[in-house]
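What follows is each chain in one-letter form.
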Amino acid sequence: MSSIKEIYSEAKKALNASATDRVVGREKENDEIFEHLVSCFENKIGLSMYINGQPGTGKTFSVNTMLDSLNDEFKFKKIVLNCMSIKSIQNLYKTVLSEMILNNIDSNLSLPRRCTKESLQKLLESTITTIKQHLILVLDEIDQIETTIKTSSDIYRLFEMPYLPNSKLILIGIANSLDFTDRLLPRLELKPENKPKVIKFLPYSKEDIISIVKDRLARVQQMYDNCVIIDDRAIMLCASKVASTNGDIRKVLDICRRAIEFNEQEAKFNNIDTIKTVNIAQMMKIFNQVNPITNSNLDRNTMPLMQKILLCTVLLCNIEMKIKEISLSKLFEKFSKICKSYSTNVDSESEFVNLCTLIQDNGLIEIKKNKDVRNYKISLKIDEQELKEKLQDETFMADILTNKAYK
């Protein structure tokens, strides 16, 4: 017989953003991406794609899942970069070439002695036109290069690379901006054949959101005697409210995790040994708490574990370093170290940025952006002493603030 703790744990895991390789609610967009990619593989040509849509609409997840599924059928190499960390076009070329060397895409490839923009560009163009396998270059948050690559001709050159003779480059740009190509690449209108294929991800509908949450929980419920973790009406309420604002699936998953964790804490406190289903009233309570969370209604019992750890990590860094603002790189390093003690963690630095953004949306921290994502500055927006008192109500949070192993 499975423990209640195990069931709650599996349910929360299932609602993590990266917990599945199944894409639900994006069949039309995925079919379009699939057709473009297969056409490139079969015709041995290059291509550029621009995928846009609001945050939380499944753009990056869909692309990564699609590429993983195609890996068994077609031979290609992929490089995925987040453009928030790109400082210049020279830096972009060098990073791509370094990744190509690391992945042994061309055994004869090596960086030039002098890494100028011109030498790196020439080497990259030469390589993508001579390699045998396709190279898929995914540039996430590509609209960020607008702030770092000031010369429009450099951006044009990047998007023209897939169309060089014999090029095997498939360039996939992903961003929130709807008019990136029209605003920065109008010259490509003169060469329609070189214009990126644009795929728009609309916000998730109420029906999409319901399907996604049910799909995530279905496996867990089947594993544990078809127990009902969240009532259908509660899922419908959450889906309706989020779909009516921005359709951000990350927010939905976070609210559902909070609701499950609230029931888990309540079951633990009252020594309940059966699964308690999240009902519509509880879902409404959690939804109101995250839109937004304010100083007065911050509730340690409904906040997901990783958010608690992150907030406490910020506070710990404040105390240790005697500064109010912590760089994202240092915070991520400390956060990962602490998470290991609780057998949890985010999958990547990009996922960590998403976690920070979610907490910022709830009004608890502030993120000051920088050209280099690792130099983002994170600070608490609520009183440190109040947060410290609330978080120390729980043993493991007090341990974070006092444990010498985390120093």
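Summarised in this report is the structure supplied together with it.

## Quick look at the overall build of the chain
Along the chain, the regular secondary structure elements total 17 helices and eight strands. For 407 residues, the compact-globule estimate of 2.2 N^0.38 gives 22 Å, and the chain sits close to it at 23 Å. Burial analysis of the chain (407 residues in total) assigns 49% to the buried set. Once local pairs closer than 6 in sequence are excluded, the contacts in the chain between residues at least 24 apart make up 75%. For the chain, the exposed area adds up to about 19500 Å²; of that, 48% sits on carbon and sulfur atoms.

## Examining the packing of helix 13 (residues 305–321) against helix 14 (residues 328–341)
Between two packed helices, both the angle of their axes relative to each other and the distance between the axes serve to describe the pair. For the pair helix 13 and helix 14, interaxial distance at closest approach is 9 Å and the crossing angle is 120°. Taken together, helix 13 and helix 14 sit at an angle that is classed as oblique. Regarding helix 13 and helix 14, the two cross each other, and that crossing is right-handed. Residue-level contacts link Met306, Ile309, Leu310, Thr313, Val314, Leu316, Cys317, Glu320 and Met321 of helix 13 to Lys330, Leu331, Lys334, Phe335, Ile338 and Cys339 of helix 14.

## So, the packing of helix 4 (residues 89–102) against helix 5 (residues 117–128)
For the pair helix 4 and helix 5, the least separation of the axes is 9 Å and the interaxial angle reads 40°. On the basis of the axis angle, helix 4 is oblique to helix 5. For helix 4 against helix 5, the interelement crossing comes out left-handed. For the pair formed by helix 4 and helix 5, the contact residues are Ile89, Gln90, Tyr93, Lys94, Val96, Leu97 and Met100 on the first element and Lys117, Leu120, Gln121, Leu123, Leu124 and Thr127 on the second. Residue composition of the contact of helix 4 with helix 5, grouped by class: eight nonpolar, three polar and two charged.

## Notes on the pattern of salt bridges
Taken as a whole, this structure holds 17 salt bridges when the rule is applied. As a salt-bridge pair, lysine 12 and glutamate 264 come within 2.7 Å of each other at their nearest N and O atoms. Taken together, the residues lysine 12 in helix 1 (residues 4–14) and glutamate 264 in helix 11 (residues 249–269) connect sequence positions 252 residues apart. You can call lysine 12 buried: its relative accessible area is 18%. Two residues, aspartate 68 and lysine 78, come together in a salt bridge whose shortest N-O distance is 3.2 Å. Of this pair, aspartate 68 sits in helix 3 (residues 59–70) while lysine 78 sits in strand 2 (residues 76–82); the two residues are 10 residues apart in sequence, bridging distant segments of the chain. Salt bridges here are not isolated pairs; linked through shared partners, they connect Glu10, Lys13 and Arg219.

## With respect to the side chain of glutamate 264
Glutamate 264 sits in the buried class, given a relative accessible area of 16%. Setting aside anything within four residues of it in sequence, one finds glutamate 264 in contact with Lys5, Tyr8 and Lys12.

## Re the sheet that holds strand 7 (residues 365–368)
If you trace the three strands from one edge of the open sheet to the other, you get 6-8-7, paired in antiparallel fashion. Each of the sheet's edge strands pairs with one partner strand only, and the pair in question is strand 6 (326–327) and strand 7. Judged from the two bridges that link them, strand 6 and strand 8 (residues 377–380) form a sheet pairing that is antiparallel. Opposite isoleucine 326, over in strand 8, you have isoleucine 378 as the bridge partner.

## With respect to the packing of aromatic side chains
By convention here, two paired aromatic rings are described through the distance between centres and the angle between planes. What the rule picks out here adds up to four aromatic pairs. Ring centres of phenylalanine 41 and phenylalanine 74 lie 4.8 Å apart, and the angle between their planes is 25°; on these two criteria the pair is classed as stacked. With phenylalanine 41 in helix 2 (residues 27–43) and phenylalanine 74 in the loop between helix 3 and strand 2, this pair connects stretches of sequence that are 33 residues apart. The burial state of phenylalanine 41 is the same as that of phenylalanine 74; both residues are buried.

## Some points on unusual backbone geometry
Notably, aspartate 225 is not glycine yet its phi reads approximately 55°, a positive angle. The topology assignment puts aspartate 225 in the loop between helix 9 (206–223) and helix 10 (232–243). By relative accessible area, which is 75% here, aspartate 225 ends up exposed. If you check the backbone angles, lysine 322 has positive phi at about 60° while not being a glycine. Mapped onto the elements of the fold, lysine 322 is located in the loop between helix 13 and strand 6. Using a relative accessible area of 71% as the deciding quantity, one classes lysine 322 as exposed.

## What about the side chain of aspartate 143?
One can find aspartate 143 in the loop between strand 3 (134–140) and helix 6 (145–148). By relative accessible area, aspartate 143 is classed as buried at 15%. Contacts of aspartate 143, omitting those with residues within four sequence positions, involve Ala175, Asn176, Ser177 and Phe180.

## Here we look at the environment of alanine 11
Relative to the assigned elements, alanine 11 resides in helix 1. When its relative accessible area of 0% is taken as the criterion, alanine 11 is described as buried. Spatially, the C-alpha atoms of alanine 11 and isoleucine 209 are 17 Å apart, while their sequence positions differ by 198 residues. Excluding its chain neighbours within four sequence positions, the residues that come into contact with alanine 11 are Leu217, Val220, Ile229 and Ile260.

## Looking at the state of the cysteines
In protein structure, a disulfide is the covalent linkage between the sulfur atoms of two cysteines. Taken as a whole and assessed by the stated rule, the structure comprises zero disulfides. Not engaged in a disulfide, the cysteine cysteine 83 finds its nearest cysteine sulfur in cysteine 115; these two sulfurs lie 19 Å apart. Among the residues examined, cysteine 83 registers a relative accessible area of 1% and is labelled buried. Counting only cysteine sulfurs, cysteine 312 is the nearest neighbor of cysteine 317, a cysteine outside any disulfide, at a range of 10 Å.

About the thresholds
- Residues numbered from 1 in each chain as written.
- Predicted model: local features only at pLDDT ≥ 70, side-chain atom pairs only at ≥ 80, totals over all residues.
- Heavy atoms only, no water.
- Helix = DSSP H or I, 4+ residues; strand = E, 2+ residues; numbered from the N terminus.
- Rg over C-alpha atoms; globule rule 2.2 N^0.38 Å.
- Buried < 20%, exposed > 50% of the residue type's maximum accessible area, 1.4 Å probe, protein only.
- Contact = heavy atoms within 4.5 Å.
- Areas by Shrake-Rupley, 256 points an atom, 1.4 Å probe, with all protein chains shown as cover.
- Axes fitted to C-alpha atoms, helices over the stretch in contact; angles between N-to-C directions.
- Parallel < 35°, antiparallel > 145°, perpendicular 65-115°, else oblique.
- Left-handed = near helix turned anticlockwise from the far one by under 90°.
- Nonpolar A, V, L, I, M, F, W, Y, C, P; charged D, E, K, R; others polar.
- Salt bridge = Lys/Arg side-chain N within 4 Å of Asp/Glu carboxyl O.
- Pairing = 2+ DSSP bridges.
- Phe/Tyr/Trp six-rings, centres within 6.5 Å; stacked < 30°, edge-to-face > 60°.
- Disulfide = S-S within 2.5 Å.

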